[in-house]
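Structural overview for review
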Amino acid sequence: MIKFTIASTKGGVGKTTLTANLGALLADLGLRVLLIDADIQPSLSKYFALTSARPSAGLTDVLLNGEMTASSITATVIPNLDIVVSDDPEGHLSNWLLNRIDRGIRLWRALQSPLVTQAYDCVLIDTQGAIGPVQDAAILAADVLISPITPEVLSAREFRDGTLELLERLEPGGAFGATLGPVKAVIYRQDRTADARLIAEGIRQDFVRLHSRFSILDTVVPHAKAYKEAATLRIPVHRHERRRGGVMPSACVVMHQLAWELIPDLKGVYAGKPQRREHAS
Ligand SMILES: Nc1ncnc2c1ncn2[C@@H]1O[C@H](COP(=O)(O)OP(=O)(O)OP(=O)(O)O)[C@@H](O)[C@H]1O
Ligand SMILES: [Mg+2]
């Protein structure tokens, strides 16, 4: 089982879109995938339809109990794709966690449960942009961190000052003695202008030298309306845009490249025709 946390200290960079679409593609590739919505704003929890209209529990139970429970997991309508929903709109969990000495490793420990390790091949955790104990716990729970960077100068600077600083704070031997995974940055929402290409190149050259645990993925996710359209339709983007004309690769191609780069064993495996799962009322 491999655990990815999608994190960035900047809001609105595409974390939830990336988590949802990567999770759904991995599920369509045959992996058993568990999404965890660790953002107070439950965007990931609403991204795909769920098989249960009202989940009985979610992340609150997992963190309060310090272990995974079956009732905290809800199936989505996508086969192989389940989710632990965000159910703490007022942010009580953050305050509660702040007073726990084991706050940094509580989620990591819950994910060691056989309910997770035996039932899933991959866990993907979405986080909120703001720094806090829930975000720390989500970052420390991961084997690998994925960080989208949009190729604007300000966003790149924010990444250096925000995300790298956050990682340094959580460095092994730092806050909780937990192991911090490598960070894979993905250049995200790149448009077709030369400027964006230059900035993306600059990001590659500058940041690789900054931090030894940091690398930039070769896959670049372009700015494309397909991602927004798919979110509105509540379907995975690789199913929504299977092919397209022009020079820009389709969302289906991009998402496969990303999945293959993150999990090289999947290389050459393609998502088959989706099967339907019953939608509960
Ligand atoms: N590749 C893309 N091309 C164009 N638009 C995109 C792309 N990916 C995401 N978007 C759009 O960008 C907006 C922000 O995306 P998203 O909500 O995934 O970001 P986020 O990092 O999760 O935000 P927050 O910090 O608020 O949780 C959404 O409207 C989404 O539809
Ligand atoms: Mg989000």
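These figures come from a predicted structure and were not determined experimentally.

A tally of helices and strands in the protein chain yields twelve helices and nine strands. Taking 2.2 N^0.38 as the reference for a compact globule, 281 residues should give roughly 19 Å; the C-alpha atoms of the protein chain span a radius of gyration of 18 Å, in line with that estimate. Counting only C-alpha atoms and orienting by the principal axes, one finds that the protein chain spans roughly 50 × 45 × 35 Å. In the protein chain, which comprises 281 residues, the share counted as buried stands at 44%.

On to the pairing of strand S1 (residues 2-6). Where burial is concerned, most of S1 is hidden: four out of the five residues are buried. In this structure, S1 lies alongside strand S5 (residues 122-127), joined through five bridges in parallel fashion. Its bridge partner being in S5, threonine 5 is matched across the sheet by isoleucine 125.

Here the focus is the environment of leucine 154. Within the fold, leucine 154 resides in helix H8 (residues 153-169). Overall, leucine 154 belongs to the exposed group, with 9 C-beta atoms counted inside 10 Å. Placed 151 residues apart in sequence, leucine 154 and lysine 3 show a C-alpha to C-alpha distance of 29 Å.

Attention now goes to the site of ligand 1. Taken together, 18 residues are adjacent to ligand 1, and Gly11, Lys15, Thr16, Thr17 and Tyr227 come closest. Looking at the shell around ligand 1, the elements with two or more residues in it are helix H1 (15-28) and helix H10 (225-233). Its residues assigned to classes, the shell around ligand 1 comprises five nonpolar, nine polar and four charged.

We now examine the pairing of strand S4 (residues 81-84). For a regular strand, side-chain orientation follows a simple rule: the groups alternate between the two sheet faces. Of the two faces of S4, the one lined by Leu81 and Ile83 and the one lined by Asp82 and Val84 are each fully buried. The pairing of strand S2 (residues 33-38) with S4 spans four bridges and is parallel. Directly across from isoleucine 36, in S4, lies its bridge partner valine 84. Examined bridge by bridge, strand S3 (residues 74-75) and S4 share two bridges and lie antiparallel to one another. Following the sheet pairing, alanine 75 is matched in S4 by aspartate 82.

Attention now moves to the packing of H1 against helix H12 (residues 251-262). Between H1 and H12, the least distance of the axes is 10 Å, while the angle of their chain directions is 80°. Regarding the angle of H1 to H12, the classification is roughly perpendicular. Within the contact between the two elements, H1 uses Asn21, Leu22, Leu25 and Leu26 and H12 uses Met255, His256, Leu258 and Ala259. When its residues are assigned to classes, the contact of H1 with H12 shows six nonpolar, two polar and no charged.

Now for unusual backbone geometry. For asparagine 80, which is not glycine, the phi torsion reads 75° and is therefore positive. Within the fold, asparagine 80 resides in the loop between S3 and S4. With a phi angle near 60°, arginine 234 is a residue other than glycine that sits in the positive phi range. Positionally, arginine 234 belongs in the loop between H10 and helix H11 (237-240).

Let's shift gears to H1. Residues separated by three or four positions in an α-helix point in the same direction, a consequence of the helix having 3.6 residues per turn. With 14 residues, H1 extends 20 Å between its outermost C-alpha atoms, agreeing within 8% with the 20 Å of an ideal straight helix rising 1.5 Å per residue. Counting buried residues in H1 gives 14 out of 14 residues, a clear majority hidden from the surface. Following H1 by one or two positions, glycine 30 has its phi on the positive side, about 105°.

Time to look at H8. Between its first and last C-alpha atoms H8 spans 24 Å; for 17 residues at 1.5 Å apiece the expected length is 24 Å, and the two agree. At phenylalanine 159, H8 is bent by approximately 30°, the largest bend along its length. Of the positions making up H8, those classed as buried are Ser155, Ala156, Phe159, Thr163 and Leu167.

The next point concerns the environment of valine 237. With respect to the secondary-structure elements, valine 237 resides in helix H11. When the C-alpha positions of valine 237 and serine 250 are compared, they lie 9.4 Å apart, and in sequence the two are 13 residues distant. When sequence neighbours within four positions are dropped, the list of residues in contact with valine 237 reads Asn21, Ala226, Tyr227, Ala230, Ala251 and Met255.

Reading the values: the criteria
What you see as residue numbers is a count from 1 along each chain, following the sequence as written. All chains are assigned letters beginning at A, and all ligands numbers beginning at 1, according to the order in which they are written. Totals for whole chains, interfaces and linings use every residue, but because this is a predicted model, local features are given only for residues with pLDDT of at least 70 and side-chain atom pairs only at 80 or more, for both listing and counting. The numbering of helices and of strands both runs from the N terminus, where a helix is a DSSP run of H or I of at least 4 residues and a strand a run of E of at least 2. Within these notes, the globule rule equals 2.2 Å times the number of residues to the 0.38 power, and the radius of gyration is based on C-alpha atoms. Exposure classification rests on a simple neighbour count of other C-beta atoms within 10 Å of a residue's own: a residue reaching 20 or more is buried, one at 12 or fewer is exposed, and one in between is partly exposed. C-beta atoms are placed from the backbone. Note: two strands are recorded as paired if DSSP finds a minimum of 2 bridges between them. Note on definitions: a residue is near a molecule or strand provided its C-beta atom, placed from the backbone, lies within 6 Å of it. Note on residue classes: Ala, Val, Leu, Ile, Met, Phe, Trp, Tyr, Cys and Pro are nonpolar, Asp, Glu, Lys and Arg are charged, and everything else, Gly too, is polar. Note on definitions: angles span 0 to 180 degrees between N-to-C directions of axes, and those axes are lines fitted to C-alpha atoms, for helices only across the stretch in contact. Here the angle decides the label: under 35 degrees means roughly parallel, over 145 means roughly antiparallel, 65 to 115 means roughly perpendicular, and every other value means oblique. We call two residues in contact when their backbone-placed C-beta atoms lie within 7 Å. What a helix should span is 1.5 Å times the count of its residues minus one. A residue's bend is the angle separating two fitted axes: one through the seven residues that end there, the other through the seven that start there.

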